[in-house]
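Structural features, examined
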Amino acid sequence: MGCDRNCGLIAGAVIGAVLAVFGGILMPVGDMLIERTIKKEVVLEEGTIAYQNWVKTGTEVYRQFWIYDVQNPQEVVTNSSKIKVKQRGPYTYRVRYLAKRNITHDPENHTVSFLQPNEAIFEPSLSAGTENDTWTVLNLAVAAAPHLYPNTFVQVVLNSLIKKSKSSMFQKRTVKELLWGYKDPFLSLVPYPISTTVGVFFPYNNTADGVYTVFSGKDNINQVAIIDTYKGKKNLSYWPSYCDMINGTDAASFPPFVEKTRVLRFFSSDICRSIYAVFGAEINLKGIPVYRFVLPSMAFASPLQNPDNHCFCTETVISNNCTSYGVLDIGRCKEGKPVYISLPHFLHSSPDIAEPIEGLNPNEDEHSTYLDVEPITGFTLRFAKRLQINILVKPAKKIEALKGLKRNYIVPILWLNETGTIGDEKAEMFRKRVTGKINLLGLVEITLLSVGVVMFVAFMISYCACRSKKVK
């Protein structure tokens, strides 16, 4: 009887040890299964989860615009006063809802090429007004004229056309005109062939961005979705330097197994450059754990603070010998127009940039850019891209509309917030096909390990107690 009991206790301890060992073995095996599954599903080829969502995003993407309405245009023109602005909006459009076009696979180089169609649909229910709302804004054509045509004689001719068209430094335009284009009365009088349509995003509708060529990840998962070329070039030719190389992905996804220490790099054709984000926080998004990566202030720092930005300092007067920060000159990829980008309300900009403008209220929560990335797959499940479009305006003695200015202005035109969040159905599918399986496998591993350890310890204690009584 005592022998049977001892044998039973020993057998129980052995079973517990086996379960613990099996649980311990299962953990690395499970990790290998997870890694193999993820590596298969994130490749950009037909039949994978990644490809399905890459061709046509399952996320509704919206682009909101806030227009800077100038309150004192005549004071600025006459006295070179500070520009007083009020933001108007949001005016919301649905974007990126069309599937990628001209998708071409190159199995030899393991790349995929495509065009990203551009189209915007106005969403009245998500907007503060209509596209016909009219506001006082900078006259884009007049402001750009002295930059594009610095020759004195040419400016004299342009001044006569500006006066004849009754144009000034500021103008009243509808939201639709400002964003998507209008026929400019001054440019329409120019006696040689030029484009007479002006708009912050003209042309946009019925156009396409690209051609992009990205790595599929088939041969190297660490390269999946990383851009190889854009419009046939590996390096934007506007400036031959590091800060204008095409680095990273298009931000829709990143190579899998993202760690908090990783710097996520992505290219944005809107700003003609690659930019980066760093880890900010852990967040739960619809039951899915994600890492929030944020755009750091160093991304818009001066070249003295961040040498990678040296190519965006193109002159010494406006930039105070390249010491000002918070704005980047992207004019060379905007056909020479004096376009500067910044964060909304000049967030993280040096005081001299915002000093000539009244009515700005920078706020980290409302004006910063972030990406919520699921770390195992590298998929971006929520994002907010926030940027401000500005135009540099300088005094011009030969152009009456600008000759009264006594200072340079970087005039904010509008700021945008492009957002997208994984839908409820997609989130449920993601939980079932990815995080649910991972969590279940992890639970089985922990359960086997825990039960095995408990059984082993319990039976060994009982065995020792039994042996102790037998000795007595």
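Just above sits the structure.
Since this is a predicted model, take the numbers as computed values, not measurements. (Residues numbered from 1 in each chain as written. Predicted model: local features only at pLDDT ≥ 70, side-chain atom pairs only at ≥ 80, totals over all residues. Heavy atoms only, no water.)

**Structural notes on the overall build of the protein**
Of regular secondary structure, the protein possesses 9 helices and 20 strands. Across the 472 residues that make up the protein, the buried fraction comes to 50%. Sequence separation of at least 24 residues holds for 65% of the intrachain contacts in the protein that already meet a minimum separation of 6. Carbon and sulfur atoms provide 57% of the accessible area of the protein, an area that totals close to 22800 Å². (Helix = DSSP H or I, 4+ residues; strand = E, 2+ residues; numbered from the N terminus. Buried < 20%, exposed > 50% of the residue type's maximum accessible area, 1.4 Å probe, protein only. Contact = heavy atoms within 4.5 Å. Areas by Shrake-Rupley, 256 points an atom, 1.4 Å probe, with all protein chains shown as cover.)

**Topic: the pattern of salt bridges**
Evaluation of the coordinates by the stated rule reveals 15 salt bridges. Close ionic contact of Lys385 with Asp270 constitutes a salt bridge, the shortest N to O distance being 2.7 Å. Placement of Lys385 in strand E19 (residues 380–393) and of Asp270 in the loop between strand E12 (264–268) and strand E13 (273–285) is noted, with a sequence separation of 115 residues between them. Owing to a relative accessible area of 16%, Lys385 belongs among the buried residues under this scheme. Residue classification places Asp270 among the partly exposed residues on the basis of a relative accessible area of 25%. (Salt bridge = Lys/Arg side-chain N within 4 Å of Asp/Glu carboxyl O.)

**Side note on unusual backbone geometry**
Pro203 follows Phe202 through a cis peptide bond whose omega is -10°. Mapped onto the fold, Pro203 is located in the loop between strand E9 (197–198) and strand E10 (207–215). The omega angle of the peptide bond from Gly210 to Val211 is 20°, so this bond is cis rather than trans. By the secondary structure assignment, Val211 is in strand E10. Of note in this structure, Phe346 is not a glycine but carries a positive phi near 55°. Topologically, Phe346 is positioned in the loop between strand E16 (339–342) and helix H7 (351–354).

**Observations concerning the layout of surface pockets**
In this structure, the largest pocket encloses a volume near 1400 Å³. Contributions of two or more residues to the lining of the largest pocket are made by helix H4 (140–148), E9, E10, E16, E19 and strand E20 (409–421). Element by element, the count of residues in the lining of the largest pocket is highest for H4, at 5 residues. Along the lines of polarity and charge, the residues of the lining of the largest pocket split into 34 nonpolar, 7 polar and 8 charged. (1 Å grid on protein atoms, 1.4 Å probe; cavity = no way out; pocket = protein on both sides within 12 Å on 5 of 7 lines; lining within 4 Å. Points joined across faces, edges and corners; volume = space filled by probe spheres on them. Nonpolar A, V, L, I, M, F, W, Y, C, P; charged D, E, K, R; others polar.)

**Regarding empty space enclosed by the protein**
Gaps left between atoms show up when a probe the size of a water molecule is rolled over them. Scanning all chains against the criterion turns up 6 cavities of 30 Å³ or more. As a volume, the largest cavity reaches approximately 910 Å³. Lining the largest cavity are 41 residues, and of these Thr57, Asp250, Ala251, Ala252 and Phe383 lie nearest its centre. Broken down by secondary-structure element, the contributors of at least two residues to the lining of the largest cavity are helix H2 (49–55), strand E4 (111–118), E10, E12, strand E18 (370–373), E19 and helix H9 (424–471). Size it by volume and the second largest cavity reaches roughly 170 Å³. Lining the second largest cavity are 20 residues, and of these Phe312, Cys313, Ser319, Ser324 and Val327 sit closest to its centre. By residue number, the principal contributor to the lining of the second largest cavity is strand E15 (residues 327–329), which donates 3 residues. Class assignment for the residues of the lining of the second largest cavity results in 13 nonpolar, 5 polar and 2 charged.

**Quick look at the pairing of E12**
With respect to burial, E12 is a largely interior element, 4 of its 5 residues being buried. Of the pairings in the sheet, the one linking E12 to E13 comprises 5 bridges and is antiparallel in character. Bridging from a neighbouring strand, Phe267 pairs with Ser274 of E13. The antiparallel hairpin formed by E12 and E13 contains 4 residues in its connecting segment, where Cys272 sits at a positive phi of about 60°. (Pairing = 2+ DSSP bridges.)

**Examining the side chain of Gln64**
For Gln64, the position within the fold is in strand E1 (residues 60–70). Aside from chain neighbours lying at most four places away, what touches Gln64 is Pro90, Tyr91, Thr92, Trp415, Leu416 and Asn417.

**What about the sheet that holds strand E3 (residues 101–106)?**
Adjacent strands of a sheet form backbone hydrogen bonds with each other and so pair up, either parallel or antiparallel. With antiparallel pairing, the 4 strands of this open sheet are ordered in space as E3-E4-E10-E11. At either end of the open sheet lies a strand with only one pairing partner, and these are E3 and strand E11 (227–230). If you compare each strand with its neighbour and ignore which way they point, the axes differ by 20° on average. As paired strands, E3 and E4 are joined by 4 bridges and run antiparallel to one another. (Axes fitted to C-alpha atoms, helices over the stretch in contact; angles between N-to-C directions.)

**Observations concerning the pairing of strand E14 (residues 288–294)**
Where burial is concerned, most of E14 is hidden: 5 out of the 7 residues are buried. Hairpin connection of E13 to E14: 2 residues between the antiparallel strands, including Lys286 at a positive phi of 55°. Where E14 lies against E18, 4 bridges are found, and the strand directions are antiparallel. Within E18, the residue paired with Phe293 across the bridge is Leu371.

**Considerations on the packing of aromatic side chains**
Each aromatic ring pair is described using two quantities: the centre-to-centre distance and the angle formed by the ring planes. A full pass over the atoms with the stated rule returns 16 aromatic pairs. Relative to Phe114, the ring of Trp54 lies with its centre 5.0 Å away and its plane at 85°, an arrangement referred to as edge-to-face. Of the two residues, Trp54 is situated in helix H2 and Phe114 in strand E4; the sequence distance between them amounts to 60 residues. Here the aromatic rings of Tyr212 and Tyr230 are separated by 4.8 Å at their centres, their planes lie at 50°, and the arrangement is tilted. Of the two residues, Tyr212 sits in strand E10 while Tyr230 sits in strand E11, which places them 18 residues apart along the sequence. A residue is classified by how much of its surface remains accessible, and Tyr212, at 7% relative accessible area, is buried. Under the relative-accessibility criterion, Tyr230 is labelled buried at 8%. Members of the aromatic cluster, joined through ring pairs, are Tyr51, Trp54, Phe114, Tyr212, Tyr230 and Phe267. The cationic tip of Arg292 hangs over the ring face of Tyr370; the distance from NZ or CZ to the ring centre is 3.7 Å. (Phe/Tyr/Trp six-rings, centres within 6.5 Å; stacked < 30°, edge-to-face > 60°. Lys NZ or Arg CZ within 6 Å of the ring centre and 35° of its normal.)

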